[in-house]
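# Chains, contacts and geometry: an overview
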4 protein chains.
Amino acid sequence: MIVVMKPGAAPEDIEHVVELVNEFGLKDHVIYGTDRTVIACIGDKRAVEKDAIENAPMVEKVVPILAPYKMASLEVRKEKTQIPIGPEAFPVGGTRVGIIAGPCAVESSEQIMQTARAVKAAGAIGFRGGAFKPRTSPYAFQGMGREGLELLAAARDETGLAIVTEVIGTEQVALCDEFADVLQIGARNMQHYPLLEAVGKAAKPVLLKRGMSASLDEFLLAAEYIINAGNPNVILCERGIRTFETYVRNTLPLAIIPALRERTHLPVVIDPSHGTGHAGMVPAMALAAVAAGADGIILECHPDPERAASDGAQSITPTRFEQLMARLKRVAQAVDRDV
Amino acid sequence: MIVVMKPGAAPEDIEHVVELVNEFGLKDHVIYGTDRTVIACIGDKRAVEKDAIENAPMVEKVVPILAPYKMASLEVRKEKTQIPIGPEAFPVGGTRVGIIAGPCAVESSEQIMQTARAVKAAGAIGFRGGAFKPRTSPYAFQGMGREGLELLAAARDETGLAIVTEVIGTEQVALCDEFADVLQIGARNMQHYPLLEAVGKAAKPVLLKRGMSASLDEFLLAAEYIINAGNPNVILCERGIRTFETYVRNTLPLAIIPALRERTHLPVVIDPSHGTGHAGMVPAMALAAVAAGADGIILECHPDPERAASDGAQSITPTRFEQLMARLKRVAQAVDRDV
Amino acid sequence: MIVVMKPGAAPEDIEHVVELVNEFGLKDHVIYGTDRTVIACIGDKRAVEKDAIENAPMVEKVVPILAPYKMASLEVRKEKTQIPIGPEAFPVGGTRVGIIAGPCAVESSEQIMQTARAVKAAGAIGFRGGAFKPRTSPYAFQGMGREGLELLAAARDETGLAIVTEVIGTEQVALCDEFADVLQIGARNMQHYPLLEAVGKAAKPVLLKRGMSASLDEFLLAAEYIINAGNPNVILCERGIRTFETYVRNTLPLAIIPALRERTHLPVVIDPSHGTGHAGMVPAMALAAVAAGADGIILECHPDPERAASDGAQSITPTRFEQLMARLKRVAQAVDRDV
Amino acid sequence: MIVVMKPGAAPEDIEHVVELVNEFGLKDHVIYGTDRTVIACIGDKRAVEKDAIENAPMVEKVVPILAPYKMASLEVRKEKTQIPIGPEAFPVGGTRVGIIAGPCAVESSEQIMQTARAVKAAGAIGFRGGAFKPRTSPYAFQGMGREGLELLAAARDETGLAIVTEVIGTEQVALCDEFADVLQIGARNMQHYPLLEAVGKAAKPVLLKRGMSASLDEFLLAAEYIINAGNPNVILCERGIRTFETYVRNTLPLAIIPALRERTHLPVVIDPSHGTGHAGMVPAMALAAVAAGADGIILECHPDPERAASDGAQSITPTRFEQLMARLKRVAQAVDRDV
């Protein structure tokens, strides 16, 4: 890190910072510039609580140099990680873009089987569906629980689709690990550390959604928690951020795809359903995500969106999904991939 | 809610929406305007998954009319709720503004006792300190756990200060409920529903921090979760939101104080430490919060901020705290309150 | 618009609002619901200063129903507008996606001619370059002025590329209108109304950039200003918004492409250079924009970005541009368009 | 500035950056750390287009060290600047907090005189009112122009209040400079550089509003433009920023008051009317601003807000204003100031 002193810092102020830096196990390197003195600190700085130095007299600011994560970074592994999911071991992060579709919530056997067959026929490789729902309102539908997981497993057994389902508490990790193929950590739980550690000890890969206002460092540190706990199979998922925009439920920042590529070896999946909140915008953003280099798309598909128990406004019908798959295939091939 | 149809909606489109509305148990009321047809829906709409209607043909948008929370709203209770905390049952929400101070993390017995005595002497009524720390990095200090809680309890026994400590997982709720006086839900956990339900079953009051990008409705729905689970003693805490601003760690939106007053009976506490991230800005924002009508202030105070295990940059020293208390008292009296 | 009354509103409060509504030339329609009374207001509401009603006693909120713009809306024209630009009258908004490239600022004849020839050879249809630069710092390079415009015109005469250049004040409108083919209104000037009116009286089409925190309504109202002043040829341009994200200079919200399609007949161009701020992210976002349905791309291209007088960090070289064009062509064809 | 190289940068990559740095007239200072090489660049860096270096091979990022403004900074002047305004030369930036009130727009002689007398009697020192209105919609009321300025001047002649009025184009600067006492630059025009230069050549002080998503550096650079053009009398005004919050029209970040104090000698005024958008929140935020150290408050006051030609929702009545002044006086005195 670099400590920038205020103009007029006295030799004893600089000396005081140098002592603090040394106390933290770092080597100092003082540079006297035209307007400012800066102190470069050399050593492995990840463990240091750096911003405390900001409190020292005449310090203007502290600038970190190193990224705070390690296992998730390109420094540890240069090639993209491929993560096999589901009974057919589809490799997320490989040449083919993995399309995962399904309803927001598991509502009934019929809804699940009908949708699973339709998305499989259209070319999806994964099936999403929530058995435990984190709902903003305590009065909203909270999910079918274990029964929902069993319905999902049945759909996998018939179709071969990889089952992706959300885990909302440490209590459900073992159960979901048993039934599902990929454990999803929702945006609201991205910094729920006990849960990150719990899925870090699970057998199945994790799909980690970015928090709706998480920085890139925070997102990759959440992945680091999971990897650090023992599970290297983390799929990153962008699902939109909260901004001042109101014509969308969230703003979907696709530039995160190249930005993550420059920082991490983990594969990146885009969720255009939460990422926009409106079914009408889902196709355009799915196509854009594939063109920008996404390794997968996860989207909501429901046979009767007007009557969906949740997220109806952002779900597309199986018919629309089939049409979209044809278009996704063409764009994927135009960027030397496939679906 | 109000359903707004697109221009050119045909009678059968309107008819279709009316049927959906009726299916959801609502009465319809169609209004034909100059440019648009709108359908007002009458009935108790809290349980309805409204935005699904957005998916119906020729619907332009759906406008909710009712707030989605109930127990937390002024409709249930008009006067401000007073919540007694700690051994001296200080009433948060009463005329006196409750000042809660202490270090980010419990580090040692000496640090805790020294700080607790100092802030008590200066007039604080509560003492904050984390025994379990939700840290962004898996490599950062994670807290002392049960031992930290025992140190906090010892500080209470000597000083009479109410102990406020964060609970980061459902596993710790019982333990914290035993040792602490107020259970804090951190910003990162504001939508961690199993935890909200767990503290909703605890005996002690809850200090609920607003998520760093939570809307007002989401904040009050989180409170609703806790109240709905059985614990009516919820203290709301604003700790800053994430915006484009970089001169602060978070942007502290004090207008939330009058905004919450218009919507809820729950008391409101402000955290100027996380709310700014810089010790030098804490006094100005604490004074501003009291002037704006806050029921309490919670801030970080550490005897040696440069060497704090966490959040050193935003912690003030006991000496500065004492000076601040004198100024807070004057401002509180100027708005007909006290500290 | 809809006026929502607070619970407990008395008949005289409702009567007072009805009188105000009638005074504003609107017909009232009162609906008594289970929890709330709402007053639907019928008539052409665009001219009314609606939110003043919010100040009336017992009014909870005022919900607008109509979009505030008219000429820019689909209600006036359903098919997409095609706007011919430059000596070859390339139709922006037609099947081919128009690619516009060039340096941030005009620096010299050699720089301009070299870049113009290169981008023309690669398939661009427009050439961008600033003669007047709105710089954040008064100490930064401010542009070559008239001489810069002459260099741009010379480049057009040789290559046939349409010249797009920014106008930063009403004083330069006539001059730019003489030399350029498209007048660009920069993001900082999107709500500079005298300038909007001035280009509204110019002969050439206008490329209107969205302000970095403008809402969709504000963006389309700015277009409305120009159309209303007499110039119907407005090309909308998204160049990124300001959010909390720091890995990009701006967050580029591509969902605005389908969102604008649902609201306006005007063509939409995307600027991935300002939209990301980093040359390395420009190709991915240009490809994504075309996949999402953009009618054009405008990007920065400089023969020696490291030494560019401005915006070097986000400029790509002519070699990279040529490679990108080949990829853009494939993606454009995959969505039934071309470049 | 500091250039941070990527891990694995070769000696020739470092050499290349050193050459660029030298070419820009800066001295290099290379530091080889454990994980990264960084190049500190020494010299007066304000004129350099630094981020272009980001484009050089193996450069990870470029970190600026110096603030980009100079005349507005504490380095030039340590004590706070006092700016006398109006016929009574009230010193903005002195011990007394200057209260400026008045309607959004000048509508009639009666409205202006009635309001001016009322706010003067209550203790205001300035009177605000727009003769030229920058309206988001071309269909909204655009102001009375010169006639409005004459009405404002008449109000000053009778009451002695300093007249603050907005200038929206270079064309109006001379006229406003003749009639008004303070020239206001609105938030939408904060980066309208020709206008900044024009008021920089005017005789009267300038009240510069922060753009709704301007960074602190951009805000102070806008002030720098005015000072650099010859007018040192710049009053900074915070009027709220655009964030995801919807219960307010803008989020009012009062921490900017201490943040500006640490960077600039210019006085700071707060606008709680635009800063919240709701009359009911104005008193709490005005009190908070004074407690936080504001040098002035500018707010909207209208005798009949329900029928105001603009901004009715955020205007308070003269009666409310009088009550607020009594409360502001008490809070000001509690922080050793007065109104």
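Given the structure is predicted, the values throughout are model-derived calculations rather than measurements.

## What to know about the overall build of chain A
- Within chain A one finds nine helices and 14 strands.
- Projected onto its principal axes, the C-alpha coordinates of chain A cover approximately 75 × 45 × 40 Å.
- Considering chain A as a whole, with its 339 residues, one finds that 63% of them fall into the buried category.
- A fraction of 66% describes how many contacts in chain A between residues 6 or more apart in sequence connect residues 24 or more apart.

## Quick look at the interface of chain C and chain B
- Across the contact, 21 residues belong to chain C and 21 residues belong to chain B.
- The element best represented in the side of chain C that touches chain B is strand 3 (residues 37-42) of chain C, accounting for three residues.
- Residues that form the side of chain C that touches chain B fall into these classes: eleven nonpolar, five polar and five charged.

## With respect to the sheet that holds strand 1 (residues 2-5) of chain A
All names here are of chain A.
- With antiparallel pairing, the four strands of this open sheet are ordered in space as 2-3-1-4. Sheet topology places strand 2 (27-32) and strand 4 (59-63) at the edges, where each strand pairs with a single neighbour. Between one strand axis and the next, the sheet turns through 20° on average, direction left out of account.
- Two elements, strand 1 and strand 3 (residues 37-42), share three bridges in a ladder whose sense is antiparallel. Looking at the pairing, V3 lines up with I39 of strand 3.
- Together, strand 1, strand 2, strand 3 and strand 4 form the strand contacts of helix 1 (residues 11-23), whose direction differs from that of strand 3 by roughly 10°.

## Considerations on the interface of chain B and chain A
- Residue-level contacts link 43 residues of chain B with 43 residues of chain A.
- Of all the secondary-structure elements, those providing two or more residues to the side of chain B that touches chain A are helix 5 (193-200) and helix 6 (216-228) of chain B.
- Broken down by element, the side of chain B that touches chain A gets its largest block of residues, five residues, from helix 6 of chain B.

## Some thoughts on the packing of helix 5 (residues 193-200) of chain C against helix 6 (residues 216-228) of chain C
Residue and element names in this part refer to chain C.
- Between helix 5 and helix 6, the least distance of the axes is 7 Å, while the angle of their chain directions is 45°. Between helix 5 and helix 6, the angle is such that the two are oblique. Seen along the crossing, helix 5 lies across helix 6 with a hand that is right-handed. On the side of helix 5, the interface is formed by Y193, L196, E197, V199 and G200, while helix 6 contributes A222, Y225, I226 and N228.

## A look at the domain arrangement of chain A
- Examined at the domain level, chain A breaks down into domain 1 (2-63) and domain 2 (83-334).
- One C-alpha centre belongs to domain 1 of chain A, the other to domain 2 of chain A, and the line joining them spans 44 Å.

## Observations concerning the nonpolar core
- Judged by nonpolar contacts, the single largest core of 512 residues is most densely connected at V290 of chain A, V290 of chain B together with V290 of chain C.
- Discounting chain neighbours no more than four positions away, the residues touching V290 of chain C are A291 of chain A together with V97, I297, L328, V331, A332 and V335 of chain C.

## Concerning helix 2 (residues 109-122) of chain D
All names here are of chain D.
- In a regular helix each residue adds 1.5 Å, so 14 residues correspond to 20 Å; helix 2 covers 20 Å between its end C-alpha atoms and thus fits that length.
- Every buried residue of helix 2 is accounted for by Q111, I112, T115, A116, V119 and A122. Along helix 2, the residues classed as buried sweep out an arc of 135° about the axis, all on the same side.
- Those residues of helix 2 hidden inside the fold are in contact with strand 7 (98-102), strand 8 (126-128), helix 3 (146-159) and helix 9 (318-334).

## Points about the packing of helix 9 (residues 318-334) of chain A against helix 9 (residues 318-334) of chain C
- Running from N to C, helix 9 of chain A and helix 9 of chain C point in directions that differ by 165°, and their axes come no closer than 8 Å. Here helix 9 of chain A lies roughly antiparallel to helix 9 of chain C, going by the angle between them. In the packing of helix 9 of chain A onto helix 9 of chain C, the handedness of the crossing is right-handed. Here helix 9 of chain A contributes R330, V331 and A334 of chain A to the contact with helix 9 of chain C, which in turn contributes R330, V331 and A334 of chain C.
- Partitioned by chemical class, the residues of the contact of helix 9 of chain A with helix 9 of chain C number four nonpolar, no polar and two charged.

## Comments concerning the relation of the copies chain B and chain A
- Superposition record for chain B on chain A: RMSD 0.0 Å, screw rotation 180°, translation along axis 0.0 Å. Those values place the two copies in the arrangement expected of a two-fold rotation axis. Closest approach to the rotation axis among the C-alpha atoms of chain B is made by S213 of chain B, whose C-alpha sits 3.2 Å away.
- When the interface residues of chain B are mapped onto chain A, 100% of them are again interface residues, pointing to one common binding face.

## Focus on the environment of E197 of chain D
All names here are of chain D.
- Looking at where E197 falls in the secondary structure, it is placed in helix 5 (residues 193-200).
- With 19 C-beta atoms counted inside 10 Å, the residue E197 sits in the partly exposed group.
- Taking C-alpha positions, E197 is 15 Å from M71, a pair spaced 126 residues apart along the chain.
- Setting aside residues up to four positions removed in sequence, E197 forms contacts with Y225 and A229.

## With respect to the sheet that holds strand 10 (residues 182-185) of chain B
Residue and element names in this part refer to chain B.
- Taken in spatial order, the eight strands of this closed barrel run 7-8-9-10-11-12-13-14, and their pairing is parallel. Adjacent strand axes in the sheet meet at a mean angle of 25° when their direction is disregarded.
- As defined by bridge partners, strand 13 (residues 268-270) adjoins strand 14 (residues 296-300) across two bridges and the pair is classed as parallel. In the strand pairing of strand 14, I270 is matched with I297.
- Against the sheet, helix 9 (residues 282-292) touches strand 13 and strand 14, its axis set at about 170° to strand 14.

## A look at the relation of the copies chain C and chain B
- Of the two same-sequence chains, chain C is brought onto chain B (RMSD 0.0 Å, axial shift 0.0 Å) by a rotation of 180°.
- Mapped onto chain B, 100% of the interface residues of chain C again fall at the interface, so both copies present the same surface.

The rules we used
Residues numbered from 1 in each chain as written. Chains lettered and ligands numbered in written order. Predicted model: local features only at pLDDT ≥ 70, side-chain atom pairs only at ≥ 80, totals over all residues. Helix = DSSP H or I, 4+ residues; strand = E, 2+ residues; numbered from the N terminus. Buried ≥ 20, exposed ≤ 12 C-beta atoms within 10 Å, placed from the backbone. Contact = placed C-beta atoms within 7 Å. Nonpolar A, V, L, I, M, F, W, Y, C, P; charged D, E, K, R; others polar. Pairing = 2+ DSSP bridges. Axes fitted to C-alpha atoms, helices over the stretch in contact; angles between N-to-C directions. Parallel < 35°, antiparallel > 145°, perpendicular 65-115°, else oblique. Left-handed = near helix turned anticlockwise from the far one by under 90°. Domains from an automatic or database assignment. Core = buried A, V, L, I, M, F, W, Y, C linked by C-beta atoms within 7 Å. Expected span 1.5 Å × (residues − 1). Arc of directions from axis to C-beta. Least-squares fit on C-alpha atoms with pLDDT ≥ 70 in both.

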